[in-house]
Amino acid sequence: MLARVGKALAPKPMMHGGDQSDSPVRAMKSANNAERSAAESAEQRGEPKGKAVEPTTRRAQNRASVSPGLDRLRQFVGNNRKARFTTLLHHVNVALLRRSYLSLKRNAAAGVDGRTWQAYGENLEERLVDLHSRVHRGAYRALPSRRRMIPKPDGRERPLGIASIEDKIVQRAIAEVLNVIYEKEFLGFSYGFRPGSSQHDALDALWVGISNTRVNWIVDADISKFFDTVDHDWLIRFVEHRIGDRRILCLIRKWLKAGVLEGTVLTASEIGTPQGSVASLLLANIVLHYVFDLWVQQLRRRHARGNVIVVRHADDLVAGFEYEADARAFLPIFMTVLGRSDSRFIPRRHV
């Protein structure tokens, strides 16, 4: 969807009702003649006032609770922004697995193993010691995700993958280790499923960007069936840019290839990653970081004629442009860029 900012002050019906945005963009045109540098920083994390300040506090609290090993890793990452890490699995100890278990939702649905959070908590320490041993020996086996269809507001259904309790624990532990690395690399306009961020923070950042930067045109888009069509080979290639620990890569491959159980039918996973799992959310952000974020950063710095602001929440994005020509050129180029890694990545909404 392409809209003139001045006309986006109030919601209005869209031509294609089934493909409309989950929420309309409401923005006002700024009277300030902002410089390009302002456009590039307006939507960065932590800038909006009010609720947007909360993630910083939560992030600080999270950092205080991590293990000394992860704290040292964070310091190293901060001083070595391009390092490739070949030994990371040792950070996944029993304490981290315990913390991962305790952070899970108590009333979440069980996966194909049928074990709930409460049931796994019986003899917890013994189970975690055994799980830790299997992970480090390579004996851990990922189970298929149980598929559940969740209704969407537009009448369609979203497939969610419910992992087994041990897969949830290990995925959350690995995600905590990898987040230490990727939180230093991800760009400020990426908000989806990151520690201490939410949809509200993304909306706050969008408001600040539109209010403080001279933009006149808004592009609202998402990537259709993104989680279902992620190419496994490309995903692993992107992860390998920073992660060289073969044991971590092996775990990721196990989750990708575990398959999906729908009713009594087990389907092998050739492409895609189950939407809803902890690992899928982080892996999706890694893919989009390389496919979209780095590209759009270069686009607005080197090729756009005027100001460009961007806010992305997972596979949904909003971009603001000073000039109509930049806005109209954005989506076709975006589709071409996505096609370079996997032609199945296609925008659902067009200009």
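Before reading further, recall that the structure is shown in the block above.
What comes next concerns the included structure.

Cut-offs used in this document
- Residues numbered from 1 in each chain as written.
- Predicted model: local features only at pLDDT ≥ 70, side-chain atom pairs only at ≥ 80, totals over all residues.
- Heavy atoms only, no water.
- Helix = DSSP H or I, 4+ residues; strand = E, 2+ residues; numbered from the N terminus.
- Areas by Shrake-Rupley, 256 points an atom, 1.4 Å probe, with all protein chains shown as cover.
- Salt bridge = Lys/Arg side-chain N within 4 Å of Asp/Glu carboxyl O.
- Buried < 20%, exposed > 50% of the residue type's maximum accessible area, 1.4 Å probe, protein only.
- Polar contact = N/O pair within 3.5 Å; in protein donor to acceptor, adjacent residues only side chain to side chain.
- Pairing = 2+ DSSP bridges.
- Axes fitted to C-alpha atoms, helices over the stretch in contact; angles between N-to-C directions.
- Parallel < 35°, antiparallel > 145°, perpendicular 65-115°, else oblique.
- Left-handed = near helix turned anticlockwise from the far one by under 90°.
- Contact = heavy atoms within 4.5 Å.
- Nonpolar A, V, L, I, M, F, W, Y, C, P; charged D, E, K, R; others polar.
- Expected span 1.5 Å × (residues − 1).
- Arc of directions from axis to C-beta.

### Some words on the overall build of the protein
Of the regular secondary structure elements, the protein holds 13 helices and eight strands. Accessible area for the protein stands at about 17,000 Å²; split by element, carbon and sulfur atoms hold 52% of it.

### Some thoughts on the pattern of salt bridges
Evaluated as defined, the whole model comprises 15 salt bridges. Note that E125 and R98 form a salt bridge whose closest N and O atoms lie 2.8 Å from each other. Highlighted residues: E125 in helix α6 (residues 124-137) and R98 in helix α4 (residues 94-103), separated in sequence by 27 residues. Taking relative accessible area as the criterion, E125 reaches 37% and is therefore assigned partly exposed. On the accessibility criterion, R98 (27% relative accessible area) is partly exposed. Put simply, E324 and R328 hold a salt bridge, and the shortest N to O gap is 2.8 Å. Here the residue E324 and the residue R328 both occupy positions in helix α13 (residues 324-339), the gap between them amounting to four residues, near one helical turn. On the accessibility criterion, E324 (33% relative accessible area) is partly exposed.

### Comments concerning the side chain of R300
For R300, the position within the fold is in helix α12 (residues 278-303). For R300, the side chain forms a polar contact with the side chain of Q297, separated by 3.0 Å.

### Here we look at the sheet that holds strand β6 (residues 265-267)
With mixed pairing, four strands are arranged side by side in an open sheet as β3-β2-β5-β6. Either end of the sheet is taken by a strand with one partner, and the two such strands are β3 (157-162) and β6. The sheet shows a mean angle of 40° between the axes of neighbouring strands, direction not considered. Here strand β5 (residues 260-262) runs beside β6; their pairing, made up of three bridges, is antiparallel. The partner of E262 across the bridge, within β6, is V265.

### Looking at the packing of helix α7 (residues 165-182) against helix α11 (residues 246-257)
Direction vectors running N to C along α7 and α11 enclose 135°, while the axes themselves pass 12 Å from each other. With respect to α11, the element α7 is oriented oblique. Crossing handedness for the pair α7 and α11: left-handed. Here D167, V170, Q171, I174 and L178 of α7 come into contact with α11, specifically with I248, L251 and W255. Classifying every residue of the contact of α7 with α11 by side-chain character gives six nonpolar, one polar and one charged.

### Notes on the pairing of strand β2 (residues 145-151)
Both β2 and β5 contribute to a ladder of two bridges, which runs parallel. When the bridges of β5 are listed, S145 appears paired with V260. Sheet analysis places β2 next to β3, joined by six bridges and oriented antiparallel. Among the inter-strand pairings, M149 is bridged to a residue of β3, identified as P159. Hairpin connection from β2 to β3: five residues lie between these consecutive antiparallel strands, with G155 at a positive phi of about 95°.

### Topic: α7
Here α7 contains 18 residues, and its C-alpha end-to-end distance of 25 Å stays within 8% of the 26 Å for a straight helix at 1.5 Å per residue. Among the 18 residues of α7, 16 are classified as buried, and the element is accordingly described as predominantly covered.

### Remarks on α6
One full turn of an α-helix is made of 3.6 residues, so residues set three or four places apart face in the same direction. Between its terminal C-alpha atoms α6 stretches 20 Å, which fits the 20 Å expected from 14 residues at 1.5 Å a residue. Where α6 is concerned, the buried positions are L124, L128, L131, R134 and V135. Axial view of α6: buried residues confined to an arc of 125°, hence all on one face. In α6, those exposed residues whose orientation departs by more than 90 degrees from the buried face are E126 and R137. Buried residues belonging to α6 abut α4, α5 (117-121), α7 and α11.

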